[in-house]
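Report on the structure
The primary structure of each chain is shown beneath.
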Amino acid sequence: MFSSEYFDTGLYRVGTACEKWDVCRAEHGAETLPMWVADMDFPSPPAVQEAILRRAAHPTWGYTEVEAALPEAVSAFWARRHGTDFAAGELTLLPCVVTGLKTAIRAYTRPGEGVLIQSPVYGPFRMAVEATGRKLLDAPLVPDARGRYHMDLQAVEAACRAGAKLMMLCSPHNPVSRLWSREELTALLEVLGRWGVPLVSDEIHADFEYEPHSFVSVRSLAPERTVTLLAPSKTFNLAGLQTAFAVIADEWMRARFADALASGGVVSGNIFGLEAARAAFEQGDAWLDGLLAYLRGNRETLARELAAALPEAVLTPMEATYLGWMDLRAYGFHEEELLARCGRAGVMFTEGTFFGAQGDGFLRINIGCPRRNIAEAVARLRRAIVG
Ligand SMILES: Cc1ncc(COP(=O)(O)O)c(C=O)c1O
């Protein structure tokens, strides 16, 4: 049922207050193709829609508790798909993963203390540190000649020496599509362990893994000093339902996190988010398997089309996520010019510097869309760059 044809059909989203399509059209015109924010142009699993409609049919939506079935569904899904076992009681409900990043910062560090990130990385990592008045420490990832990125553990160690009190990891990594291996994660945790620095790992993209690589959660490697953030929002395209989770095995860390969350006023979930998450985690596997097969094809299409259209571009190998990191520096344009050219050619990507200053000359492309849009976006990118 969730065949290539199903995903090829896509979804017309204009006029649904959709950030990806409607904001793009308002800013750049009706013909612009949006390839930016991490949101897919596919219908979510039918079981999710059925669950929402079922609950909507009962005409009152008062204060609602989190029934045991939801955390059980989350942990069963992670055991099934990732071999990571955690108890349902380790879960804390969140409105979204970025709330989890900020809550971890407030729970485990004080104003002015250092929080370590690895740029280039999803912009709200940096913004969360700045917004909470902590000191931003960076151990930039290092690209090799193929554009594959690696951790710099000496820089991580130097940041620990400089006073880092918390590290935030993006795993799998947005925007550089890395699926960190067990060995890499173990080596990172070894350095952090020596300095007593806890790790918060944003694993929102965990389900987007492409063989031969496979996802390893830090929860399975160092449960006593990690916070894992997960959500159904990327996997099943439910970001508007604002439902995510933190997995924290250590009781003291979990209590600190819960206090920080409550002090920010977050006290309950959203009925439709809870219903949707449970349906997705319990019944979404077949849809997800179909999606992953389709995205593998999209990944190949992007690599092929980009190599043909812009041979000097370097596409970071995509081991994970539906986000491609394109290095266009060989064409000599700084960001402002690159974006203006894309705007005139009718295509919108996420600008590279959203992820850090070294992203100047890079664009991130979202391939969570019908395949034909990828070919069209690359054709427009070519027009933007070489005319
Ligand atoms: C790595 C990463 N973390 C968090 C988010 C945002 O998640 P949420 O909407 O749950 O805050 C995104 C969205 O693109 C993301 O890519």
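Residues numbered from 1 in each chain as written. Predicted model: local features only at pLDDT ≥ 70, side-chain atom pairs only at ≥ 80, totals over all residues. Heavy atoms only, no water.

**Here we look at the site of the ligand**
Taken together, Ala38, Cys96, Val97, Val98, Tyr122, Cys170, Asn174, Asp202, Ile204, His205 and Lys234 make up the full set of residues near the ligand. Val98 has a polar backbone atom sitting 3.0 Å from an oxygen atom of the ligand. Within the contact set of the ligand, a nitrogen atom lies 2.5 Å away from a side-chain nitrogen or oxygen of Asp202. Here the ligand, which alone exposes 400 Å², has 91% of that area covered by the protein. A per-class count over the shell around the ligand returns seven nonpolar, two polar and two charged. (Near = heavy atom within 4 Å. Polar contact = N/O pair within 3.5 Å; in protein donor to acceptor, adjacent residues only side chain to side chain. Areas by Shrake-Rupley, 256 points an atom, 1.4 Å probe, with all protein chains shown as cover. Nonpolar A, V, L, I, M, F, W, Y, C, P; charged D, E, K, R; others polar.)

**Overview of unusual backbone geometry**
Among all residues save glycine, negative phi is the norm, and among peptide bonds the norm is trans. Look at the link from Ser171 to Pro172: it is a cis peptide, with omega at -5°. With respect to the helices and strands, the residue Pro172 is situated in the loop between strand E7 (164–170) and helix H8 (182–195). Going from Asn174 to Pro175, the amide bond is cis rather than trans, its omega being 15°. Along the chain, Pro175 turns up in the loop between E7 and H8. Even without glycine at this site, Ala17 takes up a positive phi of about 55°. Mapped onto the fold, Ala17 is located in the loop between helix H1 (4–9) and helix H2 (19–28). Residues other than glycine seldom take positive phi values, yet Thr321 does so here, at roughly 65°. (Helix = DSSP H or I, 4+ residues; strand = E, 2+ residues; numbered from the N terminus.)

**Digging into the side chain of Asp41**
Relative to the helices and strands, Asp41 is located in the loop between strand E1 (33–34) and helix H3 (46–56). Contact partners of Asp41, with chain neighbours within four places excluded, come to Gly10, Leu11, Arg13, Lys20, Trp21, Gly368, Cys369 and Pro370. (Contact = heavy atoms within 4.5 Å.)

**Things to note about helix H10 (residues 271–283)**
Here H10 contains 13 residues, and its C-alpha end-to-end distance of 18 Å stays within 8% of the 18 Å for a straight helix at 1.5 Å per residue. Along H10, the residues classified as buried are Ile271, Gly273, Leu274, Ala276, Ala277, Ala279, Ala280 and Phe281. Measuring from the backbone nitrogen of Phe272 back to the side-chain oxygen at the start of H10 gives 2.8 Å, which picks out Asn270 as the cap. (Expected span 1.5 Å × (residues − 1). Buried < 20%, exposed > 50% of the residue type's maximum accessible area, 1.4 Å probe, protein only.)

**Notes on the domain arrangement of the protein chain**
Many structure descriptions define interface size as the accessible area lost when the parts assemble. Along its sequence, the protein chain is carved into domain 1 (4–44 + 285–386) and domain 2 (51–283). A C-alpha centroid distance of 25 Å is found between domain 1 and domain 2. At the interface, 33 residues of domain 1 touch 39 residues of domain 2. Together, the buried faces of domain 1 and domain 2 total about 3,100 Å²; carbon and sulfur atoms form 53% of this surface. For the domain 1 face of the interface with domain 2, the top three residues by lost area are Asp285, Glu319 and Thr321, together amounting to 24%. We note a salt bridge from Asp285 to Arg81, for which the minimum N-O separation is 2.9 Å. Counting across the domain 1 and domain 2 interface gives 24 residue pairs in polar contact (both at pLDDT 80 or more). Elements that contribute at least two residues to the side of domain 1 that touches domain 2 include exactly helix H11 (285–309), strand E11 (314–315), strand E12 (323–327) and strand E15 (362–366). (Domains from an automatic or database assignment. Buried area = accessible area lost by both parts, 1.4 Å probe. Salt bridge = Lys/Arg side-chain N within 4 Å of Asp/Glu carboxyl O.)

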